[in-house]
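What follows is the residue order along each chain.
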Amino acid sequence: MLIAPVVPVLLCAPKFLDGSMSLGQVMQAASAFTIVQGAFGWLVDNYPRLADWNACARRVASLMVSLDGLEQAEESETVGRIKRGEAQSETVLELDEVSVSLGDGTAVVKETQVKIEPGERVLVAGESGSGKSTLVRAIAGLWAWGSGRVDFRPDMQLFMLPQKPYIPSGTLRRAVAYPKPADSWTADEIHSALEKVGLAHLNDKLEEEAPWDHTLSGGEKQRLAFARLLLNDPDIIVLDEATSALDDKTQHKIMQVMIDELPNATILSVAHRVELEEFHSRKITLEKRDGGARLVSDVDLSPYARKRHVLSNPSGAPGTYAVTVPAVNATLTPASFCRDSICPPTARPR
Ligand SMILES: Nc1ncnc2c1ncn2[C@@H]1O[C@H](COP(=O)(O)OP(=O)(O)O)[C@@H](O)[C@H]1O
Ligand SMILES: [Mg+2]
């Protein structure tokens, strides 16, 4: 407002000319005008900051409400807790009459009984909203309410890939290394993992700081999560619709890379795409019912995978399905260097 200092002078000019105002009084009036105008302008100048502050205050308030809700649910005696312990013998993961309920006691999944042996690749299927993600969260230790027992082999590390991977702010190297520190792997190791998941074009940008969460597409984020998986080399992999944003061809390639690179890993994956069956040895299906979803079928997929192989490769020549026959009961190597995974310490098998 370049004309703002002139306005009071112009307004006072007639009085100054007829001698009823001195020059000092005109200057005082001009100065007072500027102060009042500045005070009115404060709101306009600070409006974006006020909007920011309001948004932050709302986020903090909703976090506090959620934390209060969590505290109440934790204190409530009406809803039980899922017990966690060590699996006996060779079994990698055992669900013993596991029921998962919401904080208010509503059952989502009822009395699930599953035993997963080393090297098995289990597909969890079921209609949307049947409780697949809730069950997987309970297995990973991210959901405590319910009843029954979840037992793990104590020497095994679990790594969970959610549908929407978390991408921290900062460099791309940090995003790939998450949840470990950014310098946990050499540039060569990260380059190799990114290449395997089809993200070689990001290799030059490893040290670049950018809002990667907004920059990468949904499919690229999911591929980045698979790169984390390859770097961490866990014993148990839990996938929750982890390939949902990928096209069929890329999904096939990524699943194949995962199986080739981590042949001994035990996999538990939630997915609804039928193409994924060929990468699994067993399929369990949850069905939504009143009072909580139930496990309605537990099918061995191995013969199906072999049949697909025969049908797609009548000549017996090496083809896409040749390596998809699952290695059931493969021998597991001892726990590898993966000490941290996406699941928090409480979620890890003890
Ligand atoms: N935190 C939660 N609070 C309330 N309801 C939830 C919560 N998590 C899941 N649900 C409900 O539990 C049911 C199962 O959800 P989910 O496990 O995400 O299904 P799926 O993964 O099989 O599609 C849904 O009806 C969903 O609305
Ligand atoms: Mg889900």
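We now turn to the structure provided with this report.

Procedures and definitions
Residues numbered from 1 in each chain as written. Chains lettered and ligands numbered in written order. Predicted model: local features only at pLDDT ≥ 70, side-chain atom pairs only at ≥ 80, totals over all residues. Near = placed C-beta within 6 Å. Helix = DSSP H or I, 4+ residues; strand = E, 2+ residues; numbered from the N terminus. Nonpolar A, V, L, I, M, F, W, Y, C, P; charged D, E, K, R; others polar. Expected span 1.5 Å × (residues − 1). Buried ≥ 20, exposed ≤ 12 C-beta atoms within 10 Å, placed from the backbone. Contact = placed C-beta atoms within 7 Å.

Here we look at the site of ligand 1
Near ligand 1, the surroundings consist of Leu102, Val108, Gly126, Ser128, Gly129, Ser130, Gly131, Lys132, Ser133 and Thr134. By residue number, the principal contributor to the shell around ligand 1 is helix H3 (residues 132-140), which donates 3 residues. Of the residues that constitute the shell around ligand 1, the class distribution is 2 nonpolar, 7 polar and 1 charged.

Brief notes about helix H7 (residues 218-232)
Along its 15 residues, H7 runs 21 Å from first to last C-alpha, staying within 8% of the 21 Å computed at 1.5 Å per residue. Buried within H7 we find Glu220, Gln222, Arg223, Leu224, Ala225, Phe226, Ala227, Arg228, Leu229 and Asn232. Buried residues in H7 make contact with strand E6 (158-161), helix H4 (172-177), helix H5 (187-196), strand E7 (236-240) and helix H8 (248-261). In the stretch just after H7, Asp233 is the one whose phi turns positive, near 50 degrees.

Some remarks on the environment of Leu123
Within the element layout of this structure, Leu123 appears in strand E4 (residues 121-126). Look at Leu123 and you get buried, because 24 C-beta atoms sit within 10 Å. For Leu123 and Thr285, which are 162 residues apart along the polypeptide, the C-alpha to C-alpha distance reads 8.3 Å. Excluding residues that lie within four positions of it along the chain, Leu123 makes contacts with Ser269, Ala271, Leu276, Glu277, His280 and Lys283.

Any link to function would need more than the numbers given here.
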